[in-house]
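# Structural characterization, general
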Amino acid sequence: MLTSKQLGQVFTIGSIFLVLSSTILLLLVGVDDNYITHENASDFLFVGDSYEEARNYSCPANTSRLENFAVHGEKAGAIPKRIHILVPSKCVSKEQAEHLYLWKLNGYSLEFHDEEAASLLLSKPRKEFPSLRDQISCIFDSMFRTEIVKLLLLWDYGGVVVDENTAPGDILRQSNMIRDTDDALILFRGDSPMLFYTYFMAASSEHPVIYMLIQKTCADIFMQYTDRAFVPSQEQRKGEYLSFISKHIFYNRTEMTGIRSVYEAMNRRITLVNITSYDTNSYFRNSTTQQPISLLSTLNYDKYECLPLPWNTQNGQNTMESLLRLVQPQHVSCPDGLYYIQDVINYDSVSQRWKIPKIIHFTSKTRCVTKVFADNIKSWHFDGYSIFLHDDGAVKRLLSENWSDFPLLKDAVNCITSGGGFADMWRYLIIWEYGGIYTDIDNIPGPWLGNGTIIKDTDDAFFEIEAAKFPSQYFFASSPRHPVMYMTIQNTIQRLFTEQNIVRQYVPFVTGPGALKWGIHYTIGNAYVIQGSYPTFDSQRSITLVGNRTTAMRRNYINRGIVPSMKDEYAAMNMTHYHFAGRQTELPQKACLEILHEMNLQGKYSKLLGVNRLAS
């Protein structure tokens, strides 16, 4: 048996042998001194790729397994010197591997993330993005899934994300573009129109620019349901976000002419590098591989499977009882000169015999209105129809519900600051959920509306073409859960997220007729159409349009503008906030996404914004 002294000598000799053999092996294979081996890199290994996983991961014949590389000092600056590349699988062709390894830049770690790692990243619960898991659960467009994963990598870990089918040009390989003091870095061309290079982005972890890009990308996911010809490209969308962020949040100029400029906002910095004077190929080169790297895959199901179907199921008893719980009508004594509006309840107004329920919805701050408006509402008492007036309390209850169909709605309502904006979002939601007719309280039926009989039992959605030649927002009708309402709500959320000042927003564009117009555009491919019936992107659903500019101006279908003094009538009902949006001096005059960043991460404004602005 060996003594303790002999055992110690054996251990020492063995250790020396291991060190010498490892050194000789490194010299033989020529590993860069800047890089460390997997065996010595336990502190540098990245999520989803432990050494044991790498060692046991086998690839098919004629493919190579992508290996991560880690370097010492990658966290020396604000932005980690770590390059992230997304790949469907870490088993790639040798040609693809050679292309991807071109991103092994001096001083930078290189990490590859496959489908499994992406799924882990997306499944992570996040208080800063409370709706994210709901949003991504039904992504069938690979572009959106890949885009969100790349942004989450920057949000969680910081570093650089690059396009998997580009390679670094000479300038990127030879220069230290990202400085230790940079907090986020984006490349752009300053010539007109300004073009941002979104296939190379760098940021420190939890940077507000990345927060905004994630939220805005989630707000765009609804576009996957419509025809690609109707929507901007991925690069156009992302470029527009970055242009918006740089112009309206991080500084207030409309042109960027310097080669390298640093701006501050939200206690963070963003560096914009103008590469206009250089050949783009000096920064990036396209892949020369015969087979490009594909995007991440998505769930294998019909693209309409995740829409809230069935869209046209309705039950009269359930609908009426649900509406009564929502509206909660309670008779009150109105001040002198105001009249109480009593709802009309007809359980037979919802039937499988017709698609659009015979329910008419109005909204007002309270149930006490002036005589002019009371008479207007009475003119809509059609045979067989129910009538509901929704006051601020009912609007607040609807907007406060947990809308699983619209996960971002709970954030978006915090960027609505006017009564008109709340009324816009409410009208889309009430028709989405219950169906029926919405009309402004200053409208009365025109002679051609025929007490509602112009709406046929087979009509799925019904609009008048207004004087501006697109479908009306002051009056429309639809069956429950119609694609046009889905697209309009999603488009309204999208517009709110790009609002640069929540106090000074132009309501008709952000939540009003402009939002509905583009909701129709995304649904049928064009908002400027002539009278007729049009199929939606779901061929089982349709939209009917009547009239034209002339009939709208003659008020043949809807008689508008009959109230002599709207301002005085609204003032009498304490509804001045509906006509004087943007005068709330106590509210923060910031961009919507900046507000949401401060609310979700710092807990600000929770009692000041959102549905709290509505009376209970």
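## Focus: the overall build of the chain
- Looking only at helices and strands, the chain features 21 helices and 24 strands.
- The buried share of the chain, reckoned over its 616 residues, is 55%.
- Within the chain, residue pairs in contact and separated by at least 24 positions form 78% of the contacts whose partners lie at least 6 positions apart.
- Counting only carbon and sulfur atoms, one obtains 50% of the accessible surface of the chain, whose full area is about 27500 Å².

## So, the pairing of strand β17 (residues 386-390)
- Of all five residues that make up β17, five are buried, and the element is covered over most of its length.
- Direction of pairing for strand β15 (residues 359-363) relative to β17: parallel, over a ladder of five bridges. Considered in β17, the bridge of F362 is made with L389.

## A word on the packing of aromatic side chains
- For the structure shown, the criterion picks out 25 aromatic pairs.
- Centre to centre, the rings of Y438 and F476 are 5.8 Å apart; their planes meet at 40°, and the pair counts as tilted. Placement of Y438 in strand β18 (residues 436-439) and of F476 in strand β21 (residues 471-478) is noted, with a sequence separation of 38 residues between them.
- Using a relative accessible area of 3% as the deciding quantity, one classes Y438 as buried.

## Regarding the sheet that holds β15
- In spatial order, the strands read β17-β15-β18-β21-β20-β23-β22; together these seven strands make up an open sheet with mixed pairing. Two strands close off the open sheet at either side, each with one partner strand: β17 and β22 (532-535). Between one strand axis and the next, the sheet turns through 25° on average, direction left out of account.
- Against the sheet, helix α14 (residues 419-434) engages β15, β17, β18 and β21, with an angle of about 20° to β21.

## Details of the side chain of N559
- Of note, N559 is situated in strand β24 (residues 558-559).
- In this structure N559 touches D442, N443, I444, P445 and G446, once residues within four positions along its chain are discounted.

## Thoughts on helix α8 (residues 208-220)
- The first and last C-alpha atoms of α8 sit 18 Å apart over 13 residues, in line with the 18 Å expected at 1.5 Å per residue.
- Buried residues dominate α8, accounting for 13 of its 13 residues.

## Here we look at the pattern of salt bridges
- By the definition in use, this model includes 19 salt bridges.
- One salt bridge connects K81 with D180, and the closest N-O pair in it is separated by 3.0 Å. Here the residue K81 occupies a position in the loop between β3 (70-71) and β4 (82-86), and D180 occupies one in the loop between α7 (170-174) and β9 (184-189), the gap between them amounting to 99 residues.
- In this structure, R145 and E115 form a salt bridge, with 2.8 Å as the shortest nitrogen-oxygen distance. Here R145, found in helix α6 (residues 142-157), pairs with E115, found in helix α4 (residues 115-123); they are 30 residues apart in sequence, far enough to count as distant.
- Note on R145: relative accessible area 12%, which makes it buried.
- One network of salt bridges, in which partners are shared, links K124, R126 and D156.

## Concerning the sheet that holds strand β7 (residues 159-162)
- With respect to topology, seven strands assemble into an open sheet ordered β6-β4-β7-β10-β9-β12-β11, the strand pairing being mixed. Pairing within the sheet leaves two strands with one partner each, and these edge strands are β6 (109-113) and β11 (260-265). The sheet shows a mean angle of 25° between the axes of neighbouring strands, taken without regard to direction.
- As paired elements, β7 and strand β10 (residues 195-203) share four bridges and run antiparallel to each other. Paired with V161 across the bridge in β10 is M201.
- Packing against the sheet, α6 makes contact with β4, β6, β7 and β10, and its axis sits at approximately 170° to β7.

## Regarding unusual backbone geometry
- The backbone of R481 sits at a positive phi, close to 55°, despite the residue not being glycine.
- Here R481 is to be found in the loop between β21 and α15 (483-497).

## Examining the packing of α14 against α15
- Their axes nearest at 9 Å, the elements α14 and α15 cross at an angle of 155°. Looking at the two axes, α14 sits roughly antiparallel to α15. Seen from above, α14 lies across α15 with left-handed handedness. Here α14 contributes M425, Y428, L429, I431 and W432 to the contact with α15, which in turn contributes M485, Y486, T488, I489, T492, I493 and L496.
- Each residue belonging to the contact of α14 with α15 can be placed in one class, and the counts come to 10 nonpolar, two polar and no charged.

## A word on the state of the cysteines
- Scanning the model with the defined rule gives three disulfides in all.
- Linked covalently through their sulfurs, C415 and C592 form a disulfide whose S-S length is 2.0 Å. Measuring handedness by torsion sign, the sulfur bridge of C415 and C592 sits at about 85° and is right-handed. Of this pair, C415 sits in the loop between α13 (409-412) and α14 while C592 sits in helix α21 (residues 592-602); the two residues are 177 residues apart in sequence, bridging distant segments of the chain.

Reading the values: the criteria
- Residues numbered from 1 in each chain as written.
- Predicted model: local features only at pLDDT ≥ 70, side-chain atom pairs only at ≥ 80, totals over all residues.
- Heavy atoms only, no water.
- Helix = DSSP H or I, 4+ residues; strand = E, 2+ residues; numbered from the N terminus.
- Buried < 20%, exposed > 50% of the residue type's maximum accessible area, 1.4 Å probe, protein only.
- Contact = heavy atoms within 4.5 Å.
- Areas by Shrake-Rupley, 256 points an atom, 1.4 Å probe, with all protein chains shown as cover.
- Pairing = 2+ DSSP bridges.
- Phe/Tyr/Trp six-rings, centres within 6.5 Å; stacked < 30°, edge-to-face > 60°.
- Axes fitted to C-alpha atoms, helices over the stretch in contact; angles between N-to-C directions.
- Expected span 1.5 Å × (residues − 1).
- Salt bridge = Lys/Arg side-chain N within 4 Å of Asp/Glu carboxyl O.
- Parallel < 35°, antiparallel > 145°, perpendicular 65-115°, else oblique.
- Left-handed = near helix turned anticlockwise from the far one by under 90°.
- Nonpolar A, V, L, I, M, F, W, Y, C, P; charged D, E, K, R; others polar.
- Disulfide = S-S within 2.5 Å.

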